[in-house]
Amino acid sequence: MAQISIIGTGYVGLVYGVAFADLGNDVVGVDIDADKIEQLKAGECPIYEPRLPELLRSNLQSGRISFTTEYADAVPQSEFVFICVDTPSTPTGEADMRAVRSAATMLAGHLRDGAIVVNKSTMPIGSGDFVTSIISEHITDGREFSVISNPEFLREGNAVADVFHPDRIILGTDNDHDAVEQLKVLYRALDAPIVVTDRRSAEMVKYASNSFLATKLSFINEMAQICERVGADVSVVAEGMGYDERIGPHFLQASGGGFGGSCFPKDVRALAHIAHEADCHPQLLHAVMEINQDQRRRFVKRLQEKTGDLFQKDIAVWGLSFKENTDDMRESPSLDIITMMLSRGANVRAYDPAAMDRAREELPKVQLCGNPYDAATGADALCVITPWNEFKQANMGKVVEIMRNPVLLDGRNLYSPNVMTDLGFTYVGVGK
Ligand SMILES: NC(=O)c1ccc[n+]([C@@H]2O[C@H](COP(=O)([O-])OP(=O)(O)OC[C@H]3O[C@@H](n4cnc5c(N)ncnc54)[C@H](O)[C@@H]3O)[C@@H](O)[C@H]2O)c1
């Protein structure tokens, strides 16, 4: 059993804290957000993530996890201190390291001798040195510590399963092999391949992985555009490509709005920024981002082509979170798409199975509905943006009846074009 502090109890830190507790460790989650900590202490899960609420409550009850806003209540007894704070984009695209700086500063005063600080947040190349120097500045009594880079790859919506069954664990150290051995023991229960490398390579693995996945998505979205022009079907093209073991079937689903979320857009931007700083010219990364923005504009253009002027049209939107099974709306395609619709004078009515609370803050001008059918009633077009199961299983026969104009923009290719056309929809898929 290890003593662990988790600094930052968001989408990553909370899932990790609960998972480490469930594996039998003694965990304290620390966050500067006092409301979030109160919720967590009461056993309320502040995010929508399948299986997380049950795990949170059972580990709270067993006393293996607790929460605090005070570093002093957590860090002094911890062998491992995981930094899981946010690293969002700055306006220039670089990673904003203010939360990391503040976390490193605050934990430094409380570290016990020999503690291992784990950089789990996605941080730019060289952040292992950055965190080490901040902590060193604040330690004047000779206490020793290590900083290991251990980037995270979990997927929101599948985070609990991903944390218990990771594809790989990356551990980056420049000289501290003893700390790496201790982390290997902590991770032993997860039975995943462990790659040990230097800190900069570990940091780069994270950015390169996310940029590669984003590249695959922009690639298939570009193929979708070409398919539309030449009379091919991108879904079949992707299936045919995916059987090739060198390509694989994953991340080849075209989407009308492109990719979003708290990671891909910001990490591609941050890597491009890192590349520029290093005197490189990251052409591919720029193309990936440009294609992604174009997807959103093209989606609204298609909508306009099918409905005419959007001024005073009633547009229904299904799906606001950036992907299914999460309430996370950070950089969700829905935000850009809806903003464009509103700026053209459309009235937007939307429904999402999990993101309604966040949508109230993010999209105050949108009328939020209690179910997908209310959103579609009387609409001049229905735009499906997020592929929730609830939408796949919707009664589309009912939907075609309740709409004023049954135009369906299926941004995730959820439905059969033939079936939808037979039902009476004017159907527009992606890359078809
Ligand atoms: N969300 C994902 O799917 C995912 C996946 C892999 C990696 N990551 C990376 O993990 C990091 C965290 O992402 P997230 O989505 O969990 O972010 P988040 O915004 O959900 O959570 C961050 C938490 O840190 C807290 N915090 C900020 N400063 C703090 C401080 N000084 N002390 C204590 N707490 C502080 C915030 O209040 C917040 O609760 C980011 O670097 C992200 O890129 C995220």
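Above this text is the structure in question.
Residues numbered from 1 in each chain as written. Predicted model: local features only at pLDDT ≥ 70, side-chain atom pairs only at ≥ 80, totals over all residues. Heavy atoms only, no water.

Trainee: Account for the state of the cysteines, with residues named and values stated.
Mentor: Summed over all chains, the structure comprises zero disulfides. Left unpaired, Cys263 is separated from the closest cysteine sulfur, that of Cys84, by 12 Å. Here Cys263 falls in the partly exposed class, since its relative accessible area comes to 29%. (Disulfide = S-S within 2.5 Å. Buried < 20%, exposed > 50% of the residue type's maximum accessible area, 1.4 Å probe, protein only.)

Trainee: Now, about the environment of Phe80: what can you tell me, with residues and values included?
Mentor: By the element assignment, Phe80 lies in strand β4 (residues 80-83). In this structure Phe80 comes out as buried when scored by relative accessible area, which is 3%. Ignoring sequence-local partners within four residues, the contact set of Phe80 consists of Ala2, Gln3, Ile4, Ser5, Ile116, Gln182, Leu183 and Leu186. (Helix = DSSP H or I, 4+ residues; strand = E, 2+ residues; numbered from the N terminus. Contact = heavy atoms within 4.5 Å.)

Trainee: Which residues make up the site of the ligand, and what values do they have?
Mentor: Surveying the vicinity of the ligand reveals 29 residues, the closest of which are Asp31, Lys36, Tyr71, Thr87 and Lys266. At a separation of 2.7 Å, a nitrogen atom of the ligand approaches a polar side-chain atom of Glu156. Between an oxygen atom of the ligand and a side-chain N or O atom of Arg330, the distance comes to 2.9 Å. Here the ligand loses 92% of its free accessible area of 830 Å² to cover by the protein chains. Elements supplying a minimum of two residues to the shell around the ligand: α1 (11-22) and α4 (98-108). The element best represented in the shell around the ligand is α4, accounting for four residues. (Near = heavy atom within 4 Å. Polar contact = N/O pair within 3.5 Å; in protein donor to acceptor, adjacent residues only side chain to side chain. Areas by Shrake-Rupley, 256 points an atom, 1.4 Å probe, with all protein chains shown as cover.)

Trainee: Can you break down the sheet that holds strand β13 (residues 407-410) residue by residue, with the values?
Mentor: Spatially, six strands are ordered β11-β10-β9-β12-β13-β14 in an open sheet, and the strand pairing comes out parallel. Both outer strands of the open sheet, β11 (367-368) and β14 (426-428), are each paired with one neighbouring strand and no more. Bridge analysis of strand β12 (residues 381-384) against β13 gives three bridges, and the strand direction is parallel. Paired with Val384 across the two strands is Asp410, which belongs to β13. (Pairing = 2+ DSSP bridges.)

Trainee: I'd love a proper account of empty space enclosed by the protein, names of residues and values included.
Mentor: For the coordinates displayed, the defined rule picks out three cavities of 30 Å³ or more. Approximately 110 Å³ is the volume found for the largest cavity. For the lining of the largest cavity, the secondary-structure elements that each account for two or more residues are α11 (283-307) and β13. Looking at which element gives the most residues to the lining of the largest cavity, the answer is α11, with four residues. (1 Å grid on protein atoms, 1.4 Å probe; cavity = no way out; pocket = protein on both sides within 12 Å on 5 of 7 lines; lining within 4 Å. Points joined across faces, edges and corners; volume = space filled by probe spheres on them.)

Trainee: Break down the environment of Gly13 for me, with residues and values.
Mentor: Mapped onto the fold, Gly13 is located in helix α1. On the basis of relative accessible area, Gly13 is assigned to the buried category, the value being 1%. Here the alpha-carbon distance between Gly13 and Val30, two residues 17 residues apart in the chain, equals 9.2 Å. Beyond its immediate chain neighbours, meaning those up to four positions away, Gly13 contacts Ile6, Gly8 and Cys84.

Trainee: Go over the pattern of salt bridges with me, naming the residues and quoting the values.
Mentor: Overall, the coordinates contain 24 salt bridges when judged by the stated rule. With a shortest N-O distance of 3.8 Å, Glu38 and Lys41 are connected by a salt bridge. With Glu38 and Lys41 both in helix α2 (residues 34-41), this residue pair falls three residues apart, about one helical turn. With a relative accessible area of 48%, Glu38 lands in the partly exposed category. Judged by relative accessible area, which is 46%, Lys41 ranks as partly exposed. One salt bridge in this structure joins Arg298 and Glu228, with 3.2 Å as the shortest N-O distance. Linking Arg298 in helix α11 with Glu228 in helix α8 (residues 199-230), this pair joins segments that are 70 residues apart in sequence. Residue Arg298 is classed as partly exposed on the basis of its relative accessible area, which comes to 23%. If you follow the salt bridges from partner to partner, you end up with Asp129, Asp174, Arg199 and Arg200 in one network. (Salt bridge = Lys/Arg side-chain N within 4 Å of Asp/Glu carboxyl O.)

Treat this as a map of the structure, not an account of what it does.
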